[in-house]
Amino acid sequence: MAHTEIDVPDLTGQTWLITGATSGVGLETARAASDRGARVILAVRDTVRGRDIAAALPGPSRVVELDLASLESVGRAADVLNGAEAEPVDVLVNNAGAITTRRRETTDGFEMLLGVNVLGPFLFTNLVLPGVRRRVVIVGSNAHKAGTFDFDDPHFERRRWSAAAAYAQSKLGDMLWGLALDRRLRDGRSEAAATGVDVQLTHPGWAATGISNASGNAAVDRIITGFCSVFAQPADQAALTTMAAATRPLPSCSYTGPDGLRNLRGMPTLIGRSAEASDPEIAERLWRFAESSVARA
């Protein structure tokens, strides 16, 4: 790759709220935002590591505990952010995600990937949205193109579960609720619409991050990590797509990803999404499903 940097404006005076900021793309996003002057709020499950990272950032920062596998934790985090120490958030980056090698469930009984990658972020965003004043970024994946959303069995209770199918469905879910949220912001159905908040979707490409270490077997994980280190792009390079989605003037609900082969690596550019991820009717159905799911939990 000839270029490994993008022009990022001065972010002094801005506050960025980033989920999953203790490793990988989220960590590099936090570093990049802090380097440019932003105050960074790290919404993370591991608060000990979060505080260590916050202390090493060049700018002001804060740590809030957030476990997206627990809607109770999501609610507590939102209460903290909306409470006595509330502060306006310019950019919310929904970066945190998960992948597993076997079917697991969240504390609320959701299939783990659907719960952590879609339902937890959906609720978190809705709860903190009144404090957001510029942009919501959702880190998706081109894996969504291999997925379809099964509204009859979204949690793989009857159909065969596989990591690939569950991950693809969850990433399609991210694209869909982002599309539905953007429509609500544009047509005034959200109070954040009055402040001009928009939604941007992004795909980091094939990134060499800890999410590849999901086999549960240390030897296998070392092989996967070694393979990724050769062919995948570094996390700081992958984070450029998030930074572009968060800072550039873009059409509402654009999808940003790497410009290289199959959008796996390269510099940020606007890329295409699947027909299902672009369908407003499916997006509305996903919104109703997610809203009902988090209300019942």
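In this convention, every chain numbers its residues from 1, walking through the sequence in written order. Per-residue local features are limited, in this predicted model, to residues with pLDDT of at least 70; the limit for side-chain atom pairs, both in listing and counting, is 80 or more; totals at the level of whole chains, interfaces and linings are taken over all residues. Values reported for side chains reflect all heavy atoms of the structure, with hydrogen atoms and water molecules removed beforehand.

## Focus: the overall build of the protein chain
As a reminder, the rule being used: The secondary structure listing takes helices from DSSP runs of H or I that are at least 4 residues long and strands from runs of E that are at least 2 residues long, numbered from the N terminus. For every residue, the accessible area (1.4 Å probe, protein chains only) is compared with the maximum for its type, and the residue is labelled buried under 20%, exposed over 50%, or partly exposed between those bounds. Using a 1.4 Å probe, accessible areas were evaluated by the Shrake-Rupley method; residue-level cover was limited to the displayed protein chains.
In terms of helices and strands, the protein chain carries 8 helices and 10 strands. Across the 297 residues of the protein chain, 56% fall into the buried class. When the accessible surface of the protein chain is totalled, it reaches about 12900 Å², and 50% of it is carbon and sulfur.

## Concerning the confidence of the model for the protein chain
Heads up, the rule is: In predicted models, pLDDT denotes the confidence assigned by the predictor to each residue on a 0 to 100 scale. Contacts: residue pairs with any heavy atoms within 4.5 Å of one another.
Mean pLDDT for the protein chain: 90, with 89% of residues reaching 70 or above. pLDDT under 50 marks residues 211–228. Its contacts with residues more than four places away, or in other chains, come to 18 contacts.

## Observations regarding helix α7 (residues 235–247)
Rules: Any helix carries an expected span of 1.5 Å times its number of residues minus one.
Counted at 1.5 Å a residue, the expected span for α7 with its 13 residues is 18 Å, and the 18 Å between its end C-alpha atoms agrees. Burial in α7 covers these residues: Ala235, Gln237, Ala238, Ala239, Leu240, Thr241, Thr242, Met243, Ala244, Ala245, Ala246 and Thr247.

## Describing the packing of helix α1 (residues 24–35) against α7
Which entries qualify depends on this criterion: Only the stretch in contact is used when a helix axis is fitted, and all axes are lines through C-alpha atoms; the angle between N-to-C directions ranges over 0 to 180 degrees. In this scheme, roughly parallel covers angles under 35 degrees and roughly antiparallel covers those over 145, while 65 to 115 is roughly perpendicular and the rest are oblique. Crossing handedness is defined as follows: a turn of the near helix away from the far one that is anticlockwise and smaller than a right angle gives a left-handed crossing, while the clockwise case is right-handed.
α7 packs onto α1 with a crossing angle of 70 degrees between their chain directions and a minimal axis gap of 8 Å. The pairing of α1 with α7 is recorded here as roughly perpendicular in orientation. Both α1 and α7 take part in a crossing whose hand is right-handed. Between α1, through Gly24, Val25, Glu28, Thr29, Ala32 and Ala33, and α7, the contact on the second element is made entirely by Ala235, Asp236, Ala238, Ala239, Thr242 and Met243.

## What to know about the nonpolar core
Across soluble globular proteins, nonpolar side chains have a tendency to be buried as a group. Quick note on the threshold: We define the nonpolar core as a collection of buried residues of types Ala, Val, Leu, Ile, Met, Phe, Trp, Tyr and Cys that are connected through side-chain atoms lying within 4.5 Å of one another.
One finds Leu17, Leu119, Phe124, Val136 and Leu181 to be the most contacted residues of the largest nonpolar core, which totals 58 residues. Among all residues touching leucine 181, those that are not within four sequence positions of it are Thr125, Leu129, Val136, Val199 and Trp287. Among the nonpolar cores identified, the runner-up in size contains 26 residues, and Ala30, Val139, Leu240 and Met267 belong to it.

## Re the pairing of strand β2 (residues 39–44)
Defined as follows: Any two strands with at least two DSSP bridges between them are considered paired. Orient the strands so they point away from the viewer; a crossover is then right-handed if the path from the first strand over the helix to the second runs clockwise.
Most of β2 is tucked away: 5 of the 6 residues are buried. Relative to β2, strand β1 (residues 15–19) is paired through 5 bridges, and the arrangement is parallel. Paired with tryptophan 16 across the strands is valine 40, a residue of β2. Handedness of the β1-α1-β2 crossover: right-handed.

## As for the sheet that holds strand β5 (residues 132–139)
Strand order in the open sheet made by the 8 strands is β3-β2-β1-β4-β5-β6-β9-β10, with mixed pairing throughout. Each of the sheet's edge strands pairs with one partner strand only, and the pair in question is β3 (61–65) and β10 (268–270). For this sheet, the mean angle separating the axes of adjacent strands, direction not counted, is 25 degrees. Against the sheet, α1 engages β1 and β2, with an angle of about 170 degrees to β1. On top of the sheet, helix α4 (residues 112–128) reaches β1, β2, β4 (89–94) and β5; it is set at about 175 degrees to β4, its chief contact.

## Notes on the packing of aromatic side chains
Cut-off, in case you're wondering: Pairing of aromatic rings covers Phe, Tyr and Trp, the last through its six-membered ring, and needs centres within 6.5 Å; plane angles under 30 degrees mean stacked, over 60 mean edge-to-face, and all others mean tilted. Consider the ring centre and the ring normal. A charge sits over the ring if Lys NZ or Arg CZ is within 6 Å of that centre and within 35 degrees of that normal.
Scanning the entire structure with this criterion turns up 5 aromatic pairs. Relative to phenylalanine 151, the ring of phenylalanine 149 has its centre 4.8 Å away and its plane inclined at 45 degrees; by these criteria the two rings are tilted. Judged by relative accessible area, phenylalanine 151 falls into the buried class, the value being 17%. With a centroid separation of 5.6 Å and an interplanar angle of 65 degrees, the aromatic rings of phenylalanine 149 and phenylalanine 289 are classed as edge-to-face. You can see phenylalanine 149 sitting in the loop between β5 and α5 (163–186) and its partner phenylalanine 289 sitting in helix α8 (residues 280–296), a full 140 residues away along the chain. By the burial criterion, phenylalanine 149 is buried, and phenylalanine 289 matches it. Among the aromatic side chains, those forming a connected cluster through ring pairs are Phe122, Trp177 and Trp287. Its guanidinium or amino end placed over the ring of phenylalanine 156, arginine 159 lies 3.6 Å from that ring's centre, counting from NZ or CZ.

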